[in-house]
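Fold and contact review
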Amino acid sequence: MVTPRENGRDPRLAVEVAGIRFHNPVLTASGCCGYGLEFEPLFDLSRIGGICTKGLSAKPMQGNPPARIQETPAGMLNAIGLQNIGARAFIEQKLPRLREYDVRVLTNVFGYTIDDYVEAIHILNDGDGIDGYELNISCPNVKEGGLIIGNDPRAAAEVTEAVKRVAKRPVIVKLSPNISDVAGMARAIESAGADALSLINTLVGVSIDIRTRRPRIANVTGGLSGPAIRPVAVRMVMQAAAAVQIPLIGIGGIATAEDAVEFLIAGAAAVQIGTASFYDPLATVKAVEGLSAYLDETGTESIRTLTGSLDLSPPPRGH
Ligand SMILES: Cc1cc2nc3c(=O)[nH]c(=O)nc-3n(C[C@H](O)[C@H](O)[C@H](O)COP(=O)(O)O)c2cc1C
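Here the structure is a predicted model, which is why all the values come from computation and not from measurement. (Residues numbered from 1 in each chain as written. Predicted model: local features only at pLDDT ≥ 70, side-chain atom pairs only at ≥ 80, totals over all residues.)

Considerations on the overall build of the chain
Helices and strands together make up the secondary structure of the chain, namely eight helices and 18 strands. Scaling as 2.2 N^0.38, a compact globule of 319 residues should have a C-alpha radius of gyration of about 20 Å, and the chain matches this with 19 Å. If you line up the chain on its principal axes, its C-alpha atoms span 55 × 50 × 40 Å. Residues counted as buried form 49% of the 319 residues belonging to the chain. Here the contacts in the chain between residues at least 6 apart in sequence split such that 70% fall between residues at least 24 apart. (Helix = DSSP H or I, 4+ residues; strand = E, 2+ residues; numbered from the N terminus. Rg over C-alpha atoms; globule rule 2.2 N^0.38 Å. Buried ≥ 20, exposed ≤ 12 C-beta atoms within 10 Å, placed from the backbone. Contact = placed C-beta atoms within 7 Å.)

Next comes the structure, spelled out in structure tokens:
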């Protein structure tokens, strides 16, 4: 069977999440593609569904001292420390160029107080060419003694509500995996007005050099990402899908189209690829091509029909 194409694109891959229309469900994950333009020399950015930027704050930030990255089995630890050029510089220096591509742009936003998020969103509201906001809530709230916002449903709902009051664009809230009640957290954020959820962010980890007996990451702890976390992420997508009506974006260890399909079946409407881009910068475009091939092979009509199609009935006898 020949894949149908319109303007070089496979219309069967189109999805809508939070009212945003993506021509395919494959996005870059925050922090793994800079501001998108870093990939410009490697492939035509219009070939992927969307770009999710590095986390932006109202003011620029320097990030943590090195070492900030450590390879681990089937993954890596990072403690970049949310280094970024600031929301205003993003609008002035990066957005005009991103607008030249037919690709949706999500700006990832973080803060250490609710006011920080609101301030960043106020600035980004002026950015022509931004399609939506993704809130990174895996940050400590300095006004609440460093409590991680994304670990507390009440704090997560408060940030969501405050941002929704000022945001001129859809708001996607990114779940931390460092929680036990996924359904409760997802429902609290949905009730606070989020347009979609993305999940998951990194798991907290430590790696120790046994010769020096020192942590390998200067920050001591780092965020674990890559294929090592994929089953955790698929499980959380499945649990969130059962708990809420709003759409989900699956993230965590996705490297291929097959990995992406697993998340779609578990309940995601779209996916983001992060760590895989470090060792294969073409991972996102290859996944887009692979999704068309999967539809061909399996005779599936469109990618949308996969979302939440997980079969939890008992396996047939003899298995
Ligand atoms: C180097 C690096 C930087 C990251 N920076 C951010 C960030 O700024 N904001 C955010 O929400 N997530 C950030 N993440 C988390 C990723 O977006 C993603 O949720 C996580 O890595 C899991 O996906 P993956 O296994 O495909 O990398 C970062 C991850 C890495 C590896």
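Quick word on the sheet that holds strand S5 (residues 69–72)
Reading across from one edge, S5-S6-S16-S13 is the order of the four strands in this open sheet, with antiparallel pairing throughout. The open sheet terminates on both sides in strands that have one partner only, identified here as S5 and strand S13 (203–205). Neighbouring strand axes in the sheet, compared pairwise and without regard to direction, differ in orientation by 35° on average. One ladder, built from four bridges, connects S5 with strand S6 (residues 75–78); its direction is antiparallel. Opposite Gln 70, over in S6, you have Leu 77 as the bridge partner. (Pairing = 2+ DSSP bridges. Axes fitted to C-alpha atoms, helices over the stretch in contact; angles between N-to-C directions.)

Looking at the environment of Ile 210
On the secondary structure map, Ile 210 appears in the loop between strand S14 (208–209) and strand S15 (214–215). The exposed category is assigned to Ile 210, around which 6 C-beta atoms lie within 10 Å. When the C-alpha positions of Ile 210 and Lys 164 are compared, they lie 47 Å apart, and in sequence the two are 46 residues distant.

Section: helix H6 (residues 257–266)
Burial analysis of H6 places eight of its ten residues in the buried class, which makes it a mostly covered element. Among all positions of H6, only Ala 257, Asp 259, Ala 260, Val 261, Glu 262, Phe 263, Leu 264 and Ala 266 are buried. The inward-facing, buried residues of H6 contact strand S3 (26–28), helix H5 (230–243), strand S17 (248–251), strand S18 (270–273) and helix H8 (283–298). Positive phi appears at Gly 267, one or two residues downstream of H6, with a value of about 135°.

A look at the environment of Leu 310
Tracing the sequence through the fold places Leu 310 in the segment after H8. Distance from Leu 310 to Met 238, taken between C-alpha atoms, is 8.6 Å for residues 72 residues apart in sequence. In contact with Leu 310, not counting residues within four places along its chain, are Met 238, Ile 265 and Ala 266.

Brief notes about the packing of H6 against H8
For any two helices packed against each other, the geometry is given by the interaxial angle and the distance between the axes. Close contact between H6 and H8 brings their axes to 8 Å; oriented N to C, the two are set at 70°. Put simply, H6 runs roughly perpendicular to H8. In this structure, H6 crosses over H8, and the sense of that crossing is right-handed. Between H6 and H8, the residues in contact are Ala 257, Ala 260 and Val 261 and Ala 287, Gly 290, Leu 291 and Tyr 294, respectively. Counted by class, the contact of H6 with H8 contains six nonpolar, one polar and no charged residues. (Parallel < 35°, antiparallel > 145°, perpendicular 65-115°, else oblique. Left-handed = near helix turned anticlockwise from the far one by under 90°. Nonpolar A, V, L, I, M, F, W, Y, C, P; charged D, E, K, R; others polar.)

Regarding the sheet that holds strand S12 (residues 196–199)
Taken together, eight strands build a closed barrel; the order of strands is S3-S4-S7-S8-S11-S12-S17-S18 and the barrel is parallel. Each neighbouring strand pair of the sheet contributes to a mean axis angle of 25°, computed without reference to strand direction. Bridging between S12 and S17 involves three bridges; their strand directions are parallel. For Ser 198, the partnering residue across the bridge sits in S17 and is Ile 249. Taken strand by strand, helix H3 (residues 153–166) contacts strand S8 (132–136) and strand S11 (171–174), and its axis lies near 160° from that of S11.

A word on the packing of helix H2 (residues 114–124) against H3
The contact between H2 and H3 brings their axes to 9 Å, and the two run at 25°. The angle between the axes of H2 and H3 places the two elements in the roughly parallel class. Judged by the sense of rotation from one axis to the other, the crossing of H2 with H3 is right-handed. Packed against H2, whose contacting residues are Ile 114, Tyr 117, Val 118, Ile 121 and His 122, the element H3 presents Glu 158, Val 159, Ala 162, Val 163 and Val 166 at the interface. Among the residues forming the contact of H2 with H3, the class breakdown is eight nonpolar, one polar and one charged.

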